[in-house]
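Chain residues, written in single-letter form:
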Amino acid sequence: MVLNASPVELPALPAVEQEWQRRVRADRQLLFDIQHAVGGPFHVVYPEQFAANLRSFQKTLAGYGVRGQVYYGKKANKAGCWLPAIADLDGAVDVASEPELVHALAHGIRGRDIGVTGAAKTDGLLRLAARHDCVVAIDALDELERVAWIARNAGPVRILLRTLPPNAPHSRFGLSATDLDTAIAMCARLRSRVELIGFSFHLDGYAVAPRAELAYELIRLCAKTKAQGLPITTLSIGGGFACRYLGDDDWNAFLAHRRDDWFHAGKRPEKFYPYAQGPTGADMLAAILATEFEGHALGNHLRDNDIQLYIEPGRALLIDAGFTVFPVLGYKQNFDYGITTVHGLSMSVSEQWKGSEFLPDPILVPRNPDPAAEPIATCVGGASCMEYDMLTWRKVPLPQRPAPGDLLLYPNTAGYQMDKNESEFHQLRLPPKVVITAEEGRLRWRLDK
Ligand SMILES: *Cc1c(COP(=O)(O)O)cnc(C)c1O
C-alpha cells in the first residue's frame, strides 16, 4: 500500500497478525475496559501462543528422534505467565540472574529444568544453581574454580563448557580453544565436584549453517572428551531462532526503496532486525538438524553419538504472543505529516534504544471509527520531554486521525520489545502486563504475577 497523505509516497508495513490478536481487537470493549482499569499503557500477553510455539520446537526434536530439551531464554520477556505453560509441557528455562532463577522456581519449574548461562555469574547465583541441580554453562576458568569451590558443600554440579565460536573471535563470551582444553582437564581432575555433561554456544545472527557446522564440530569434541571418561551427554546450540513479523513483499520493497524522508526529522536508523526471513522458529531447527555432514544429517550424527540437544530460544517462543497498547494523548500537524503523542515512553519499545526502529505498523483502535475518514501519516512520540523519545520515527499510515482516548496498538512486542529497556522516567509507572485467556468461548483478562 502507498499513501499520498504527504508529497512522498510512504510504504506500509502491516504486521503478520495471528487470529487471537484479531479476536482481541474485534472485541470493541475489551481493550478499552483494560485501559480503563490500568489507566495507562499496558502490554497484552497470550500464553496459549507461547505454548504452541514451544510444542512446535518439541515436536521437531521428536520428529528427528533427537533427545533434547527446549530452554526458554527468559530474559526476552519477564512475564510469569509463560512459566506454568513451560512446566505443563515439560519444558525448561534459561536464566542469567538470581531473580530469574527464583522466579522460574516459584512458578513451578524444577531446578533440574533450569539452565544458567550469562557472563560471569555471582556466587549467589552459582550456589542457588548448585543446590537446585540446575545446569550451569561455564564461561571462564575462574568461574569453573568458583563452581568447584561451591560444590564442595552443595554436591556435584552439572556443567556445560561454553565455547568461543571460531567465527565470532571477538565475542566476550565463551572459552578460547586453549582455555577449553584446560577446562576439560580441570573437569577430569574435579570429577567429584563438577559433572561435565557437554558443551554449549550461543551465536549472533539467525543463520542455519554456522549453528549446524559448530554443532557438528562439537560432536567430535564430545566423543573425544567422553573417551577420557567424562560423563558427556549434551550439546547446547543456544538461541537465535529466526522470526517473522512482516510479509516478504512489504519488507523487500521497504529495503529496496528506503528513503530518509520516510522518517521524521530525516532520522536514519543504521540497522534493522530482519523482520521477514526464513526458515523461522521450529522450521529453522529442522533445517539445522537436516544439514548434512559426510552424507548424514546432523540429527543422525546426534542420535548415533547418543548426544541430546539443548536449544535456548527466547524471541522465537514469544513470537506472536503479545502486543503493546498506548493510549493516544493527542495529534498535531506541524508538517505535511502528523505527530501523535501517546501515554507511555519509547523505552517500552526497546528496539528504539539500539538506535534502530521497531518497524511493524502500529494499529489504531479508534474510540469512534470513521469509515469515511481520510488516511493520514504520522510519527509517534512518547510522553516525556525528550526530543528523542520517539516510539516510531517512521511516518506510518493510519486509516484516520488519532484522537485523545484512542488506543495505538504495537503488534508482536513480546520478544524483547516490552521488556528490556523500559524505565520509570518522569516517575511513570511501568506498563503492567495483562494476560489474555480464551475460556468457554469468551476472552478474559487478568494481571500477570
Ligand atoms: C539471549 C540468549 C538466548 C536467547 O536468544 P534469542 O535470540 O532470543 O533466541 C539464548 N541463550 C543465551 C545464552 C542468550 O544469551
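See above for the structure.
Residues numbered from 1 in each chain as written. Predicted model: local features only at pLDDT ≥ 70, side-chain atom pairs only at ≥ 80, totals over all residues. Heavy atoms only, no water.

### Quick notes on the environment of Leu203
Item 1. Tracing the chain through its elements places Leu203 in the loop between strand 9 (194–200) and helix 9 (208–227).
Item 2. In this structure Leu203 comes out as buried when scored by relative accessible area, which is 6%.
Item 3. Through-space distance from the C-alpha of Leu203 to that of Leu428 is 36 Å; in sequence the pair is 225 residues apart.
Item 4. If sequence neighbours within four positions are ignored, Leu203 has contacts with Pro165, Asn167, Pro210, Arg211 and Leu214. (Helix = DSSP H or I, 4+ residues; strand = E, 2+ residues; numbered from the N terminus. Buried < 20%, exposed > 50% of the residue type's maximum accessible area, 1.4 Å probe, protein only. Contact = heavy atoms within 4.5 Å.)

### Digging into the sheet that holds strand 7 (residues 135–138)
Item 1. Taken together, the eight strands give a closed barrel; going around it, the order is 4-5-6-7-8-9-10-13, and neighbouring strands pair in parallel fashion. Between one strand axis and the next, the sheet turns through 30° on average, direction left out of account.
Item 2. By the bridge criterion, three bridges tie strand 10 (residues 234–236) to strand 13 (residues 308–311) in an arrangement that is parallel. Within the sheet, the bridge partner assigned to Ser236 lies in strand 13 and is Tyr310.
Item 3. In this fold helix 5 (residues 98–106) packs onto strand 5 (92–95) and strand 6 (114–116), with an angle of close to 175° to the strand it touches most, strand 6. (Pairing = 2+ DSSP bridges. Axes fitted to C-alpha atoms, helices over the stretch in contact; angles between N-to-C directions.)

### Considerations on unusual backbone geometry
Item 1. The linkage connecting Gly278 with the following residue, Pro279, adopts the cis geometry, with an omega of -5°.
Item 2. Relative to the helices and strands, Pro279 is located in the loop between helix 10 (248–257) and helix 11 (281–290).
Item 3. Phi is positive for Asp90, close to 55°, though the residue is something other than glycine.
Item 4. When you line up the elements, Asp90 lands in the loop between helix 4 (82–88) and strand 5.
Item 5. Using a relative accessible area of 47% as the deciding quantity, one classes Asp90 as partly exposed.

### Points about the packing of aromatic side chains
Item 1. Under the counting rule described, the total for this entry stands at 20 aromatic pairs.
Item 2. Ring geometry for Tyr245 versus Tyr275: centroids 5.5 Å apart, planes at 75°, classification edge-to-face. Remark: Tyr275 occurs in the loop between helix 10 and helix 11 and Tyr245 occurs in the loop between strand 10 and helix 10; sequence separation between them is 30 residues.
Item 3. Taking the centre distance of 5.9 Å and the plane angle of 90° together, the rings of Tyr245 and Phe358 count as edge-to-face. One end of the pair, Tyr245, is in the loop between strand 10 and helix 10; the other, Phe358, is in the loop between strand 15 (338–342) and strand 16 (363–365), and 113 residues separate them in sequence.
Item 4. Phe358 gets classed as buried once you look at its relative accessible area, which sits at 1%.
Item 5. Over the face of the ring belonging to Trp149 we find Arg152, whose NZ or CZ atom lies 3.6 Å from the ring centre.
Item 6. The ring of Tyr273 has Arg315 lying over it, and the distance from NZ or CZ to the ring centre is 4.1 Å. (Phe/Tyr/Trp six-rings, centres within 6.5 Å; stacked < 30°, edge-to-face > 60°. Lys NZ or Arg CZ within 6 Å of the ring centre and 35° of its normal.)

### Re the site of the ligand
Item 1. The environment of the ligand is made up of Lys75, Asp94, Thr117, Arg162, His202, Gly239, Gly240, Glu312, Pro313, Gly314, Arg315 and Tyr416.
Item 2. Contact between the ligand and Gly240: an oxygen atom at 2.8 Å from a main-chain N or O atom of the residue.
Item 3. Against a free-state accessible area of 390 Å², the protein chains account for coverage of 88% of the ligand.
Item 4. Partitioning the shell around the ligand into residue classes produces two nonpolar, five polar and five charged. (Near = heavy atom within 4 Å. Polar contact = N/O pair within 3.5 Å; in protein donor to acceptor, adjacent residues only side chain to side chain. Areas by Shrake-Rupley, 256 points an atom, 1.4 Å probe, with all protein chains shown as cover. Nonpolar A, V, L, I, M, F, W, Y, C, P; charged D, E, K, R; others polar.)

### Examining helix 8 (residues 177–189)
The periodicity of an α-helix, 3.6 residues per turn, causes residues three or four places apart in sequence to face the same way.
Item 1. With 13 residues, helix 8 extends 19 Å between its outermost C-alpha atoms, agreeing within 8% with the 18 Å of an ideal straight helix rising 1.5 Å per residue.
Item 2. Every buried residue belonging to helix 8 is among Leu180, Ala183, Ile184, Met186 and Cys187, and all of these are buried. Within helix 8, the buried residues cover an arc of 160° as seen down the axis, which keeps them to one side. Every exposed residue of helix 8 that faces more than 90 degrees away from the buried side is listed here: Thr178 and Arg189. (Expected span 1.5 Å × (residues − 1). Arc of directions from axis to C-beta.)

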